[in-house]
Structures are given as C-alpha cells and as structure tokens.
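Observations on chain architecture
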Amino acid sequence: MSVWSRGRRRLFSLDEIDRFPGKEAWKNLTVVAVVLILATLTTSILVRLSYNASSAGVVYVLAILLVARYTEGYLWGVLTSLISMLLVNYVFTYPFMSLNFTIEGYLLTFAGMLAASAITSALVTRLKKQSRELRRRDKVLMTAEKETMRANLLRAVSHDLRTPLTGIIGMTCTYLENGEQMSEEEKTVLVSGIKDDANWLLNMVENLLSVTRIREGDVKVNTTPELLEEVVSEAVSRLRKRLPEMNVHVKVPDEVLLVPMDAVLIEQVLMNLLENAVYHSGATDAIELKVERDGETILFHIRDFGVGIAPDRLDSLFDGAGSLKPNSSTDAHKGMGIGLTICKTIVEAHRGKIWVRNCDRGAEFVFSLPYGEETQHEQADASDH
C-alpha cells in the first residue's frame with residue numbers, strides 16, 4: 001500500500017513509514033526532557049540547601065553524560081549541553097531569570113561543556129555500535145553452531161534408522177517367505193534379531209525425546225540436587241532390562257553426593273555410553289563404570305577392554321560423523337552417531353564436558369558435571385536436619 005502525491009507519483013510506502021526514525025527521535029527527546037527536568041530540580045534543591053550555585057555545572061555535566069548514555073547519536077548530547085548552559089545562565093546565575101552572556105568565563109565554560117558532551121557522545125555511540133556488532137556476531141555464530149548440530153543430528157538419525165529398519169524388513173521377509181522350511185532354532189534367531197533391532201529403535205526414540213526436554217535457544221536444563229548413587233543404579237538397572245547379558249562393574253564414591261542434574265537426562269547419557277561399550281567394543285570383558293569427585297567436578301568414566309577407536313575418528317566422534325564410519329565389524333550392526341551426539345548435547349547443557357580416549361586395551365569415555373559450593377551447602381543443611 002502506498003501514499004501518492006497529486007501527480008500520482010509514488011512518494012513512499014506505508015511500510016517505509018514504520019521505518020522512519022520518528023519513534024526513536026521522540027524517545028530520545030523524552031530522555032533529554034526528563035533528564036534536564038531532574039537536573040534542574042536537583043540543582044534547585046542543592047542551591048537552596050547550600051546557597052551556592054557552583055553545583056549547577058556539575059549536575060548538568062552529569063545530565064549530559066546520562067543523555068549520551070541513553071540516546072542514539074551525537075545530536076542529543078550536544079542539544080543537552082546547549083540547553084544546560086542556557087538553564088544555568090538563566091535560572092542559577094545572577095541576575096536570576098534573565099540571560100546574561102557577559103559573565104566572565106562563561107564562553108570558556110560553555111565551550112568546555114560542549115566539548116565534553118561531544119566527546120562523551122562519540123565514545124558512547126562507538127561503544128554501543130561495537131556492542132551491537134558483538135551481539136550480532138555472537139547470534140550468527142550461535143545460529144551457525146545450532147544449524148551444524150542439527151545437520152549432524154539429522155545425518156546421524158537417518159543413518160542409524162536405516163540400519164535396524166533394513167534388518168527388521170530383511171528378517172521379516174525371510175521369515176514370511178521361508179518360515180515353513182525353517183527350523184524352530186532358525187526362527188528363534190530371526191525373531192531375536194527383530195527384537196534387538198526394535199529395542200535399538202526404541203532407545204533411539206528415548207534419546208530424541210530426551211533432547212526435546214532441553215530448552216530451545218539457550219540450551220539449558222532444570223537441575224535439582226540428585227543422589228549420585230541412585231542415578232547410576234537406576235541407569236544400570238534400566239539398561240540391564242534391555243541387555244540382560246551386560247556385564248558391568250560399578251564403583252561410586254563412599255561419600256553421599258548430591259549433584260545438580262536432570263536425573264532422567266544423565267541416566268540417558270550413562271545408558272548410551274554403556275550400550276555403546278557393549279555393542280562396539282568387540283570384547284566380552286566386563287565394562288567398568290567408575291564415578292569420582294575431583295574438587296568441584298564429578299567425573300564419570302565408562303571403560304571397555306575392546307578394540308578401541310580409530311585415531312582419525314576421535315575428534316569427530318560426538319558430532320554425528322562417527323556413525324558413518326564403522327570402526328570394525330562389531331559396530332556394523334548399529335551406528336554410534338546419534339547416541340554420542342545426544343550425550344554431548346545433554347552434558348554441555350549441564351555445563352559439563354565429554355571426551356574419549358584410547359587406552360592400552362579398549363577405550364574410555366569420560367564426562368564431567370559441575371559440583372559447586374551451593375550444592376555442598378544444601379547437602380550440609382540436609383545432613384543437619
């Protein structure tokens with residue numbers, strides 16, 4: 001929609017009117033008016049109390065600084081300095097309520113206040129521009145990082161979904177086409193394979209649901225002090241229901257630790273890492289799950305004694321790329337990408353870190369959670385009661 005002149009020539013659109021600086025100008029003018037009124041009232045009170053008008057200059061200089069801080073551009077600071085000098089001359093300089101430009105030193109004072117306002121306005125405007133530019137860059141970087149994470153997650157999901165679904169379809173077709181010729185043992189193997197793949201898909205859905213619990217945008221979680229031993233025990237118990245053959249040795253600190261966390265999400269991290277160790281280590285040795293306190297940090301160690309991880313995969317293992325490069329025949333069954341990507345998302349949302357390293361035998365995944373003074377005080381208060 002447009003506004004036209006008599007000659008039917010287009011002047012500007014209504015959308016462009018909204019972009020005119022009128023609203024900003026009125027806002028800046030309001031700031032100038034309010035600050036000058038407050039400065040005049042403050043100076044009047046000070047003069048009445050001390051019977052000395054020397055404080056007027058100081059108050060109005062502060063007024064100029066405030067206007068430069070809370071307005072945009074240089075004009076408003078200069079305008080405030082001009083009005084301030086006129087007010088000081090008219091209201092607080094003898095003869096009162098009249099202008100007198102013949103006072104000794106008046107022009108020098110006027111020039112000083114004008115220069116101060118111009119310099120201050122320039123510095124404040126420059127700092128505001130730099131601040132806006134930094135915020136804009138941070139927003140761009142955060143958006144790019146979120147897009148990268150989303151792309152990696154989608155890539156990992158597409159890969160990890162394809163493998164078990166293909167297996168389920170293939171085993172189902174085999175059973176339907178050759179079921180009459182198959183022995184009971186062969187049928188049991190096929191049905192067990194279908195069950196394993198279905199459980200893997202169920203675990204993937206749980207992972208995705210866990211991530212949706214993390215608040216969009218600033219990536220934060222609601223944490224409450226949780227008993228560390230109970231969280232670890234619950235994670236191991238839940239995974240044992242899915243993998244009865246899993247052999248894991250658990251070691252937790254003897255002291256009672258209340259760690260700030262979202263218990264459901266941290267249980268999901270532990271289950272993902274333990275399940276990865278079962279499927280991808282290529283060993284039958286027991287997995288070690290050790291938790292320790294290191295000062296203000298709680299460290300979780302998940303160690304297997306298998307084939308380890310190829311060195312060229314260590315840096316990209318948590319970004320979803322790991323699922324596209326099988327480490328060996330042991331992990332051709334299912335990829336690691338989505339589970340580890342979700343582990344990283346959850347741990348970092350708790351202000352922790354996660355990493356992996358190869359050992360003499362196998363690999364060790366480690367993630368940390370903060371254990372601050374606030375939690376320790378809460379724990380001490382609970383023990384007193």
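Residues numbered from 1 in each chain as written. Predicted model: local features only at pLDDT ≥ 70, side-chain atom pairs only at ≥ 80, totals over all residues. Heavy atoms only, no water.

**Some details on the packing of helix α7 (residues 228-242) against helix α8 (residues 263-280)**
We apply this condition: Note on method: axes are straight lines fitted to C-alpha atoms, helices fitted across the in-contact stretch only, with angles between N-to-C directions ranging 0 to 180 degrees. Elements are defined by DSSP. Helices are runs of H or I of four residues or more, strands are runs of E of two residues or more, and each kind is numbered from the N terminus. Any angle that is under 35 degrees is reported as roughly parallel, and any over 145 degrees as roughly antiparallel; angles of 65 to 115 degrees are reported as roughly perpendicular and all others as oblique. Rotating anticlockwise by less than a right angle from the far helix to the near helix defines a left-handed crossing, while the corresponding clockwise rotation defines a right-handed one. In what follows, residue pairs with any heavy atoms lying within 4.5 Å of each other are defined as contacts.
Running from N to C, α7 and α8 cross one another at 50°; their axes reach a closest spacing of 9 Å. When the axes of α7 and α8 are compared, the pair comes out oblique. Crossing hand, α7 versus α8: right-handed. Here Val-231, Val-232, Glu-234, Ala-235, Val-236, Arg-238, Leu-239 and Arg-242 of α7 come into contact with α8, specifically with Ala-263, Ile-266, Glu-267, Gln-268, Leu-270, Met-271, Leu-274 and Glu-275.

**So, the confidence of the model for the chain**
Put simply, the test is: Known as pLDDT, the predictor's per-residue confidence is scaled from 0 to 100.
On average, residues of the chain score 77 in pLDDT, and 77% of them reach the 70 mark or higher. Looking across the chain, the model is least confident in helix α1 (residues 14-18), with a mean pLDDT of 41, and most confident in strand β7 (residues 297-303), with 95. Across residues 1-20, where pLDDT falls below 50, the model places 15 contacts with residues more than four positions away in sequence or in other chains.

**Remarks on unusual backbone geometry**
Operational definition: Here's how the labels work: a residue is buried when its accessible area is under 20% of the maximum for its type, exposed when over 50%, partly exposed in between, all with a 1.4 Å probe on protein chains only.
Look at Arg-351: it is not a glycine, yet its phi comes out positive at around 65°. Looking at the secondary structure, you find Arg-351 in the loop between α9 (337-349) and β8 (354-358). According to the relative accessible area criterion, Arg-351 is exposed, its value standing at 66%.

**Side note on the environment of Pro-370**
Take Pro-370: it is sitting in strand β9 (residues 363-370). Sequence separation between Pro-370 and Arg-351 is 19 residues; the distance between their C-alpha atoms is 6.9 Å.

**Examining the nonpolar core**
To be explicit about the condition: For this analysis, a nonpolar core means a set of buried residues of the types Ala, Val, Leu, Ile, Met, Phe, Trp, Tyr and Cys, connected via side-chain atoms within 4.5 Å.
Counting residues in each nonpolar core, the largest one holds 44 residues, and the members touching the most others are Leu-228, Leu-273, Phe-300, Ile-302 and Phe-367. Where this core is concerned, the elements lending two or more residues are α7, β5 (258-261), α8, β6 (287-294), β7, α9, β8 and β9. With 9 residues, the single largest contributor to this core is α8. Filtering out sequence-adjacent residues up to four positions away, Leu-228 remains in contact with Pro-253, Leu-257, Val-259, Met-261, Val-291, Ile-298 and Phe-300. Formed by 14 residues, the second largest nonpolar core is a distinct cluster that contains Val-31, Val-35, Val-59 and Val-88.

**What to know about the environment of Gly-352**
Here Gly-352 is to be found in the loop between α9 and β8. Judged by its relative accessible area of 9%, Gly-352 falls in the buried class. Sequence separation of Gly-352 and Ile-298 is 54 residues, and the distance between their C-alpha atoms is 9.3 Å. Apart from residues lying up to four places away in sequence, Gly-352 is in contact with Val-347, Ser-368 and Pro-370.

**Considerations on the sheet that holds β7**
Formally: Strand pairing is assigned whenever DSSP identifies at least 2 bridges connecting the two strands.
Taken together, the 5 strands give an open sheet; going across it, the order is β4-β6-β7-β9-β8, and neighbouring strands pair in mixed fashion. Bordering the open sheet on either side are β4 (248-251) and β8, each of which pairs with just one other strand. Each strand of the sheet is rotated relative to its neighbour by a mean of 20°, with strand direction disregarded. Taken together, the 4 bridges between β4 and β6 define a ladder with parallel strand orientation. Each bridged residue has a counterpart across the sheet, and for His-249 the counterpart in β6 is Glu-288.

**What about the packing of aromatic side chains?**
What characterises a pair of aromatic rings is the spacing of the ring centres plus the angle enclosed by the ring planes. To be explicit about the condition: Under the pairing criterion, centres of Phe, Tyr and Trp rings, with the six-membered ring standing for Trp, must be within 6.5 Å; the plane angle then separates stacked pairs below 30 degrees from edge-to-face pairs above 60, leaving the rest tilted.
Summed over all chains, the structure comprises 2 aromatic pairs. Residues Phe-300 and Phe-367 carry aromatic rings whose centres are separated by 4.4 Å and whose planes lie at 5° to one another, so their mutual orientation is stacked. Within this pair, whereas Phe-300 is found in strand β7, its partner Phe-367 is found in strand β9, the two being separated by 67 residues in sequence. Assigned by exposure class, Phe-300 and Phe-367 land together as buried.

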